[in-house]
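# Reading the structure
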There are 2 protein chains.
Amino acid sequence: MRVLAFLDGTLANPEDPHIRVDDLSVQRGDGIFETVLVVGGEPRELRPHLDRLARSASMLDLPEPDDEAWQRTVRLVLDQWPSETECALKLVYTRGVDGTPDPTPTAFVLASPIGEKIIRARAEGVSVVTLDRGIDPGLAERAPWLLLGAKSLSYAVNMAAGREAARRGAEDVIFLATDGSVLEGPTSNVIVARGRTLYTPPATIGILPGTTQAAVFRGAERAGWTTKIEPLSVEDLHDNDGLFLASSVRKLTRVHTLDGEQLPDAGAVHAELAKAYEDVYA
Amino acid sequence: MRVLAFLDGTLANPEDPHIRVDDLSVQRGDGIFETVLVVGGEPRELRPHLDRLARSASMLDLPEPDDEAWQRTVRLVLDQWPSETECALKLVYTRGVDGTPDPTPTAFVLASPIGEKIIRARAEGVSVVTLDRGIDPGLAERAPWLLLGAKSLSYAVNMAAGREAARRGAEDVIFLATDGSVLEGPTSNVIVARGRTLYTPPATIGILPGTTQAAVFRGAERAGWTTKIEPLSVEDLHDNDGLFLASSVRKLTRVHTLDGEQLPDAGAVHAELAKAYEDVYA
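Let us look at the structure shown here. Quantities reported herein were computed from a predicted structural model and do not represent experimental measurements. (Residues numbered from 1 in each chain as written. Chains lettered and ligands numbered in written order. Predicted model: local features only at pLDDT ≥ 70, side-chain atom pairs only at ≥ 80, totals over all residues. Heavy atoms only, no water.)

### Examining the packing of aromatic side chains
Where two aromatic rings form a pair, the distance of their centres and the angle of their planes describe that pair. Scanning all chains against the criterion turns up 8 aromatic pairs over all chains. Between A:Y277 and A:Y281, the ring centres sit 5.3 Å apart and the planes meet at 75°, which makes this aromatic pair edge-to-face. Taking 5.0 Å as the distance between ring centres and 80° as the angle between the ring planes, the aromatic pair formed by B:F33 and B:Y155 counts as edge-to-face. Linking B:F33 in strand β3 (residues 31-39) with B:Y155 in the loop between α5 (139-142) and α6 (156-167), this pair joins segments that are 122 residues apart in sequence. We classify B:F33 as buried; its relative accessible area is 1%. The lysine or arginine in question, A:R133, covers the ring of A:F175, its NZ or CZ lying 5.6 Å from the ring centre. (Phe/Tyr/Trp six-rings, centres within 6.5 Å; stacked < 30°, edge-to-face > 60°. Helix = DSSP H or I, 4+ residues; strand = E, 2+ residues; numbered from the N terminus. Buried < 20%, exposed > 50% of the residue type's maximum accessible area, 1.4 Å probe, protein only. Lys NZ or Arg CZ within 6 Å of the ring centre and 35° of its normal.)

### Considerations on the sheet that holds strand β1 (residues 3-6) of chain B
Residues and elements named next belong to chain B. In spatial order, the strands read β2-β1-β6-β5-β3-β4; together these 6 strands make up an open sheet with antiparallel pairing. Looking at which strands have only one partner, the edges of the open sheet turn out to be β2 (11-12) and β4 (42-43). Inspection of the sheet shows β3 paired to strand β5 (residues 87-94) by 8 bridges, in the antiparallel sense. Opposite L37, over in β5, you have A88 as the bridge partner. Sitting on the sheet, helix α2 (residues 46-59) is in contact with β3, β4 and β5, with an inclination near 175° to β3. With respect to the sheet, helix α3 (residues 67-79) is in contact with β1, β2, β3, β4, β5 and β6 (107-113), its orientation differing from that of β5 by roughly 145°. (Pairing = 2+ DSSP bridges. Contact = heavy atoms within 4.5 Å. Axes fitted to C-alpha atoms, helices over the stretch in contact; angles between N-to-C directions.)

### Notes on the relation of the copies chain B and chain A
Screw-axis analysis of chain B against chain A gives a translation of 0.0 Å along the axis, an RMSD of 0.0 Å, and a rotation angle of 180°. With respect to symmetry, the two chain copies, as superposed, fit the operation of a two-fold axis. Most of the interface of chain B is mirrored in chain A, where 98% of its interface residues are also at the interface. (Least-squares fit on C-alpha atoms with pLDDT ≥ 70 in both.)

### Concerning the sheet that holds strand β4 (residues 42-43) of chain A
Residue and element names in this part refer to chain A. Sheet architecture is open: 6 strands sit in the order β2-β1-β6-β5-β3-β4, paired in antiparallel fashion. Every interior strand has two partners, whereas the edge strands, β2 (11-12) and β4, have only one. Sitting on the sheet, helix α2 (residues 46-59) touches β3 (31-39), β4 and β5 (87-94), and the angle it makes with β3 is about 175°. Helix α3 (residues 67-79) contacts β1 (3-6), β2, β3, β4, β5 and β6 (107-113) of the sheet and is inclined by roughly 145° relative to β5.

### Remarks on the packing of α2(B) against α3(B)
All names here are of chain B. Between α2 and α3, the shortest axis-to-axis distance is 11 Å and the interhelical angle comes to 135°. With respect to each other, α2 and α3 are oriented oblique. Here α2 runs over α3; the crossing is right-handed. Counted together, L46, R47, L50 and L53 of α2 and D67, W70, Q71 and V74 of α3 form the full contact between these two elements. Residue composition of the contact of α2 with α3, grouped by class: 5 nonpolar, 1 polar and 2 charged. (Parallel < 35°, antiparallel > 145°, perpendicular 65-115°, else oblique. Left-handed = near helix turned anticlockwise from the far one by under 90°. Nonpolar A, V, L, I, M, F, W, Y, C, P; charged D, E, K, R; others polar.)

### Considerations on α6(B)
If you check α6(B), its first and last C-alpha atoms are 17 Å apart, about what 12 residues at 1.5 Å a residue would give, namely 16 Å. For α6(B), the complete set of buried residues consists of B:A156, B:V157, B:N158, B:A160, B:A161, B:R163, B:E164 and B:A165. Here the buried face of α6(B) lies against α1 (24-28) of chain A together with β7 (126-132) and β8 (172-176) of chain B. (Expected span 1.5 Å × (residues − 1).)

### Brief notes about the pattern of salt bridges
Residue and element names in this part refer to chain B. The final tally for this structure, using the stated rule, is 44 salt bridges over all chains. Residues R218 and E45 are paired through a salt bridge, measuring 3.1 Å at the closest nitrogen-oxygen approach. Note that R218 is positioned in helix α7 (residues 211-222) and E45 in the loop between β4 and α2, a separation of 173 residues in sequence. For R218, a relative accessible area of 33% translates into the label partly exposed. (Salt bridge = Lys/Arg side-chain N within 4 Å of Asp/Glu carboxyl O.)

### A closer look at the pairing of β7(B)
Residues and elements named next belong to chain B. Most of β7 sits inside the fold, with 6 of its 7 residues counted as buried. Bridge count for β7 against strand β13 (residues 251-258) is 3 bridges, and the pairing is parallel. Directly across from V126, in β13, lies its bridge partner V255. Inspection of the sheet shows β7 paired to β8 by 5 bridges, in the parallel sense. In the sheet register, V129 faces β8, and the bridge partner there is V173.

### Concerning the packing of helix α7 (residues 211-222) of chain A against helix α9 (residues 267-279) of chain A
The description of two helices packed together rests on the angle between their axes and the distance between the axes. Residue and element names in this part refer to chain A. Relative orientation of the contacting elements α7 and α9 amounts to 100°, with a least axis distance of 8 Å. With respect to α9, the element α7 is oriented roughly perpendicular. Residues T212, A215, V216, G219, A220 and R222 of α7 lie in contact with α9, whose contacting residues are L273, A276, Y277 and D279.

### Description of α3(B)
All names here are of chain B. Its 13 residues place the ends of α3 18 Å apart at the C-alpha level, agreeing with the 18 Å of an ideal helix rising 1.5 Å per residue. Among all positions of α3, only A69, W70, T73, V74, V77 and L78 are buried. For α3, the angular spread of the buried residues around the axis is 170°, confining them to a single face. Seen from the open side of α3, the exposed residues pointing more than 90 degrees away from its buried face are E68, R72 and D79. Residues of α3 that are buried sit in contact with β1, β3, β4, α2, β5 and β6. (Arc of directions from axis to C-beta.)

This is the structure in structure tokens:
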């Protein structure tokens, strides 16, 4: 089961075609998106997701998203979804149809069930490889036209990285900068635990500010942890008491294997942080 | 007027929606494309375009394109197009619908008229700014998962570069590598003329192998020019007898202004090379 609604309040059948071939999403990957987890009928971190959508829109010079319309559309979709079942909401906002001077963005919300792969990753963790992203940590601020840190629809590289991971027998990726700085996963943020402190790299190095990472940090702080946003090096991926990927739908996922090497069991740390994260919504 | 046909041989109205919201082009910019110029009813460089489509497909692990079906579909579209009017053919090949294990690619050909901006660029040339692309020339070979040199649908950065050019009062961009090497334009290849020799950078540095650049080189060689594929530096953009962008629809376009500085008039060189290029199809 899936539920689709457009931003004008129209519900539609997701199996039918709704997008023109000359929509700039199809033609150029030109648009932005957010993925929101819904538990018990409630979208998690909707406010930060909508803030980040507005931030991405600004980075891509898209018209400012109509915040209330997005909230209404999310509610409309969730009214059709059984609240006892988790779902993933995808909010998509494209530049609209090519060839018009001021195109109207195409905008929709699509609710989908949580896939088996995700449920397995939540329970068992993932095997990860590090891949060179080929950029230096100063690039994002120097070259805003590269859209580093914008959640654009141009995710072909993120998908290709996932296939490279599979070729190497792994399930996910952590991108490294040319100087060995830790960046992010193709669809996640990196969190390192050391003692009672959590670390994640700053968004200024050209990565997405994480909504789930921020929620985990909020929960961890309430549970007595210290949190630090500071650059991490590839050594920090090995020298820690727990390595995690944070993403909306997979939540806080353990990394059990890094570049083919099994990491020490961080099950207890994961359990405590996962509880702290869930407590944010209790 | 526009003409649309899908790879299965179905003609369709381009004003109608044909793409599902969960097509991976819409969701992830996950697919590839080619743009082909058609003059007098004949697609130019169709063979190199289809070869490059197959190369991009391979780089993105997409199923090998059905070459004959593409040729048939191009012919079908052109049968509906008045041969006395030039058009641009866009060949789009997406990964298909999300969530299916082996999705069938979505594939279509769309013919559109040549826009006024393009006709003006052909006649008057363009003003260009150089922009940092933030990568080194060795990256493409080191990190194939970054899809450098694949013509993917994830073109949000290419479009953003165009907007940055407009902010700087220019119309187009030449991307530079971190070491000052010349890469390419967001939708073109760079050609430098010096004496009776043409230069363009090698595709191995992470750029698209140019179909129009190759045609210009072929034509120029027949007209007695020497051609060289070798690395170019930012100094070469200034120290030359003509700087050009080559792209299918704009053909060989003069750069008349670079980073705000008017370049010496290269009208005579442009006219000679433009003729040599047209003679390829005479």
